Amino acid sequence: MTSRAVRLTIGAVVVVAGLLLIGGVAWASQAGDGPEQPIAFMHTVHAEQNDIDCVFCHRTVETGAEASVPAVEQCMFCHNVINDENPKVTDPFYRAEIAKLEAYAENNEPIDWVRVHVMPDHVRFVHAAHIKAGFECATCHGDVGSMERVKQVRSLNMGDCVACHRENDAPTDCTICHR
Amino acid sequence: MRQAQEEHPQDTDKPVASIGRRWGMVVDLDRCTGCQACVVACHAENNIALNLEDVVLQQRAINWIRIERYWEGEYPNVKARFLPMFCQHCNNAPCEPVCPVYATYHNQEGLNVQVYNRCIGTRYCANNCPYHARFFNFWERDLDDTHREYLNPNVTVRTKGIMEKCTFCVQRIRKSEWERRQADEELQDGDVNPACVQACPTDTLVFGNLEDEESRVAKLAQNKRHYRVLEELGTDTNVVYLKKVDPHASETAPAHA
C-alpha cells in the first residue's frame, strides 16, 4: 500500500469509529437514562420512597394544559427543613444535591431543567383533559417513580396518539391537537 | 373523519355528517363602524406576522379578518360602507377539493380547517378562494426572545411556505369545550367567542352554533336582512351578513341591474 492509501484507510477507520461512538452515546441515552439535569432530582426518592403524589409538585396537571414544573420556592417548602444540614440526610451525594437547590433559592435563580418530553410546535396537548378522562400519569410517562433520571418511554408521535384516541373513542379530528 | 375520507365531499349535499354543531357567525353591517378592533384582536390572538410597508406593497400582507371599505355616491354626498371579510367557512368550499394533500378539509363542526403540518404550500386553495381569505407565508418569522414572549402559546406559529387563514379561533372552541367537560357540563351558547367577536365594541359580530335553533346566532341568521356574500357561487357559507339599514339608499346607490 502506498502511504496515501494508508493515510486514507486510517482516516476512514477514525471516522467510522467516531460515528460509532456518537451513535452509541445517542443510543445509550435513548435506551438508558434521560438527559442529565442541573440537579440530580430523584423521582425514586420523592415519588416512590416518600410516596408523594405527582400532583403535589406538578400542580396544574388537573386544571391546565401544562403539568407545570414546580418553582424553586415550591421545592423549598419542604427543603427548608430537609436541607443539607438535616441529620437525617446521611448520604453525602444527596447533601450535595440539596445544597445546589439551596444555592438556587438563595440566588433567586430558576433551575434550568432539561425538558424530557418535547412536542413539536404544531401540537397542543392538554394534560387536564386526559386526567379528567381517567388516565394515569404512567400511561404516557411510564413508571417515573422507578427512574433515577426521567426518560421518555413512549414514542408520543402522532401514530401513538391517534391509536390511543381510537381505542378510547376519543375524537380524532385534526383540530383536537393541531390549531 | 374516516367517514369523510371514504365519501368524497362533492358527492353529498353537506360535506361531512354533522354532530349537531355547525359553527357560524352573523355580521350585522348596520352596526359596523369600521373601527378595526376585530383586526387588531385577531392579529394578537393568532400570532399573525406584522405587515410592514414592503410586505403590504407586495400585496403579501396577512389579515385573517379585514374591513373592506366601499365608497358610495358623489362628493359631497359620499358614504362609506364597511364589510368585515374573513374565511366564510363554506360548507361547499372551493378551497377544499383542490388541495392535493388534504391539508384543508371540512370537519364535523362545520369548520374549514387548515392543517399546517400537512400543508405543502401549493397555494391552489388561495387561488380558488373567492373571498381572498387565505394567506401564504412567504417568509419565516423573525422572532427574537422578546417577540416570543408576546406570542399566544395556544396557537401554532406558522413557518414559511404554508397557507393560513381564519380558524374561528378553534383554540378557544377547544378550550371552552374542555373547561365545560372538566365541570361535566355541556357547551352553552355564548361560551365560545373568537377574538374578533370579543373585541367588537358594537356587537356587530355574533358567533355560535347555527344548528342550535335557540342560539343567538341562529336566530339572527333568520333576520329578514340576511344574505351571504357571493351567494350565487353556491359556497353555502357559515357566515351570514345582515344588510345595512339605509332609508336614503336609493338616493345615492347606483341602480341595480
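Computed from a prediction, not measured in an experiment: that's the story for all the values here.

Our next topic: the interface of chain B and chain A. Counting from both sides, the interface comprises 21 residues of chain B and, opposite them, 19 residues of chain A. Between chain B and chain A the total buried area reaches about 1700 Å² when both faces are included, carbon and sulfur atoms providing 53% of it. Summed over the shared surface of chain B and chain A, the result is two salt bridges. Applying the counting criterion to the chain B and chain A interface returns 12 residue pairs in polar contact (both at pLDDT 80 or more). The element that contributes the greatest number of residues to the side of chain B that touches chain A is helix 6 (residues 170-182) of chain B, accounting for six residues. Residue classes in the side of chain B that touches chain A are distributed as 10 nonpolar, six polar and five charged.

Moving on to the sheet that holds strand 10 (residues 239-242) of chain B. All names here are of chain B. Here we have four strands laid out as an open sheet, ordered 8-1-10-9, and mixed in their pairing. Sheet topology places strand 8 (205-209) and strand 9 (226-227) at the edges, where each strand pairs with a single neighbour. As paired strands, strand 1 (residues 23-28) and strand 8 are joined by five bridges and run antiparallel to one another. Paired with tryptophan 23 across the two strands is asparagine 209, which belongs to strand 8.

Residue and element names in this part refer to chain B. Neither face of strand 10 is exposed, since Val239 and Tyr241 on one face and Val240 and Leu242 on the opposite face are all buried. Across four bridges, the pairing between strand 1 and strand 10 is parallel. Residue pairing in the sheet places valine 26 in a bridge with valine 240 of strand 10. Where strand 9 and strand 10 come together, two bridges link them in antiparallel fashion.

The subject of this paragraph is the environment of Ile82(A). Residue and element names in this part refer to chain A. Relative to the helices and strands, isoleucine 82 resides in the loop between helix 4 (72-79) and helix 5 (92-106). We classify isoleucine 82 as partly exposed; its relative accessible area is 38%. Residues isoleucine 82 and histidine 178 lie 96 residues apart in sequence; the distance between their C-alpha atoms is 43 Å. Those residues in contact with isoleucine 82 that sit more than four places away from it in its chain are Val89 and Ile98.

This paragraph deals with the packing of helix 4 of chain A against helix 5 of chain A. All names here are of chain A. Interaxial distance between helix 4 and helix 5 falls to 10 Å at its minimum, and their mutual angle equals 125 degrees. Relative to helix 5, the element helix 4 is oriented oblique. As helix 4 packs across helix 5, the resulting crossing turns out to be left-handed. Counting all contacts with helix 4, which are made through Val72, Cys75, Met76 and His79, the residues of helix 5 involved are Ile98, Leu101, Glu102, Tyr104 and Ala105.

What counts and what doesn't
Residues numbered from 1 in each chain as written. Chains lettered and ligands numbered in written order. Predicted model: local features only at pLDDT ≥ 70, side-chain atom pairs only at ≥ 80, totals over all residues. Heavy atoms only, no water. Contact = heavy atoms within 4.5 Å. Buried area = accessible area lost by both parts, 1.4 Å probe. Salt bridge = Lys/Arg side-chain N within 4 Å of Asp/Glu carboxyl O. Polar contact = N/O pair within 3.5 Å; in protein donor to acceptor, adjacent residues only side chain to side chain. Helix = DSSP H or I, 4+ residues; strand = E, 2+ residues; numbered from the N terminus. Nonpolar A, V, L, I, M, F, W, Y, C, P; charged D, E, K, R; others polar. Pairing = 2+ DSSP bridges. Buried < 20%, exposed > 50% of the residue type's maximum accessible area, 1.4 Å probe, protein only. Axes fitted to C-alpha atoms, helices over the stretch in contact; angles between N-to-C directions. Parallel < 35°, antiparallel > 145°, perpendicular 65-115°, else oblique. Left-handed = near helix turned anticlockwise from the far one by under 90°.

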